[in-house]
Amino acid sequence: MTSLFDIIGPIDPPRETIAEGAVLLRGQAVSFERDVLAALETVTAQAPFRRMTTPGGHVMSVAMTNCGAAGWVTDRTGYRYHAVDPQSGRPWPEMPPAFQALASTAAAEAGYGEFAPDVCLINRYEPGARLSLHQDRNERDFARPIVSVSLGLPAIFQFGGLKRTDPVREFALRHGDVVVWGGASRLCFHSVAALKGGVHDRFGRARINLTFRGAL
Ligand code: SIN
Ligand code: FE2
């Protein structure tokens with residue numbers, strides 16, 4: 001029998017505190033979508049997605065690029081922020097105003113006023129791509145929050161505690177959802193489960209994640 005749930009899908013609260021200092025804002029990015037998509041095309045034309053290699057020699061399943069004053073990179077020598085795109089030898093594309101507006105608005109909505117990110121890591125997941133459990137700790141200080149925007153296909157986001165072995169809670173992140181974490185949860189471990197198949201009407205067979213940070 002078809003239930004109401006099958007017709008309208010899950011009903012999530014518009015705002016959910018997922019840990020101390022961590023908030024999930026449903027659909028927060030939707031009103032920015034047009035400008036963000038156009039800006040994304042400009043950025044990726046200058047700095048295309050690429051799959052980077054971890055220090056251990058593993059090629060990541062997630063393809064990445066960056067914009068802003070520096071970009072997060074990994075290779076055999078380690079993880080770091082770098083002002084230049086190693087692939088082109090040029091500075092990373094500037095952070096588009098639409099990206100900044102989205103990040104600052106979402107941060108303020110989550111209780112982090114005055115957040116102006118200097119970097120944005122852009123992740124592209126295709127079916128099967130995943131991100132293993134990690135902390136974001138390559139930034140200079142941890143006083144500033146992280147703003148993580150989901151676009152395209154849905155994914156399962158796993159959010160744990162300050163220890164690698166702490167239990168994780170799972171959240172389905174859909175197109176337009178934004179997670180902001182900082183303060184007591186700034187160094188919480190998190191991961192993204194292998195992306196399932198599917199086709200999104202604007203993003204195709206992909207999930208795009210924009211991760212805004214204050215890194216420098
Ligand atoms: C990340 O941890 O850098 C990405 C998180 C996500 O894709 O939602
Ligand atoms: Fe992360």
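Note that the structure is a prediction, hence the values are computed from the model and not measured. Numbering of residues starts from 1 in every chain and runs along the sequence as written. Think of it this way: whatever chain is written first is A, whatever ligand is written first is 1, and the rest follow in order. In view of the model being predicted, local features appear only for residues whose pLDDT reaches at least 70, and side-chain atom pairs are presented and counted only at 80 or more, with totals across whole chains, interfaces and linings using the full set of residues. Water and hydrogen atoms play no part in the side-chain values, which are based on all heavy atoms of the structure.

Caption draft 1: Just helix 3 (residues 97-109), in detail. Runs of H or I in DSSP of at least four residues are treated as helices and runs of E of at least two as strands, each being numbered from the N terminus. In this analysis, the expected span of each helix is defined as 1.5 Å times one less than the number of residues it contains. With 13 residues, helix 3 should reach 18 Å at 1.5 Å per residue; the first-to-last C-alpha distance of 18 Å fits that figure. Looking only at helix 3, the buried set comprises Ala98, Phe99, Leu102, Ala103, Ala106 and Ala107. Seen along its axis, helix 3 keeps its buried residues to an arc of 160 degrees; they face one direction. Trailing helix 3 by a residue or two, glycine 111 shows a phi angle of about 100 degrees, which is positive. For every residue, the accessible area obtained with a 1.4 Å probe (protein chains only) is divided by the maximum for its type, and the residue is called buried under 20%, exposed over 50%, and partly exposed between those limits. Summarising the geometry, the arc corresponds to the directions from the helix axis toward the C-beta atoms.

Caption draft 2: How the structure looks around the coordination of the iron ion (ligand 2). Looking at the metal site, the iron ion (ligand 2) is ligated by His134 (NE2), Asp136 (OD) and His190 (NE2), spaced 2.1 to 2.2 Å from it. In this structure, the iron ion (ligand 2) is coordinated by 4 donor atoms arranged in irregular fashion, with angles at the metal of 88 to 175 degrees. Nitrogen, oxygen and sulfur within 2.8 Å of a metal are treated as its donors, or within 3.2 Å for sodium, potassium and calcium (Na, K, Ca); water is not counted, so a site can appear incomplete. Each donor residue of the iron ion (ligand 2) belongs to the same chain, with the gaps between them written as H-x1-D-x53-H. Linking histidine 134 in strand 7 (residues 131-134) with histidine 190 in strand 12 (residues 190-192), this pair joins segments that are 56 residues apart in sequence. A four-donor site is classed as tetrahedral when every donor-metal-donor angle falls between 85 and 135 degrees; four donors are called square planar, and six octahedral, when trans pairs exceed 155 degrees and all remaining angles lie between 65 and 115, with any other arrangement labelled irregular.

Caption draft 3: Fine view of the sheet that holds strand 12. The pairing criterion is simple: DSSP has to find at least two bridges between the two strands. Spatial strand order, 7-12-9-10: 4 strands in an open sheet with antiparallel pairing. Unpaired on one side and paired on the other, strand 7 and strand 10 (169-173) mark the two borders of the sheet. Put simply, the sheet's adjacent strands are angled 20 degrees from each other on average, direction ignored. Here strand 9 (residues 155-159) runs beside strand 10; their pairing, made up of 5 bridges, is antiparallel. The residue of strand 10 that forms the bridge with alanine 155 is leucine 173. Angles here are taken between N-to-C directions and fall from 0 to 180 degrees, while the axes themselves are lines fitted to C-alpha atoms, restricted in helices to the stretch in contact.

All we've got here are geometric facts, nothing functional implied.
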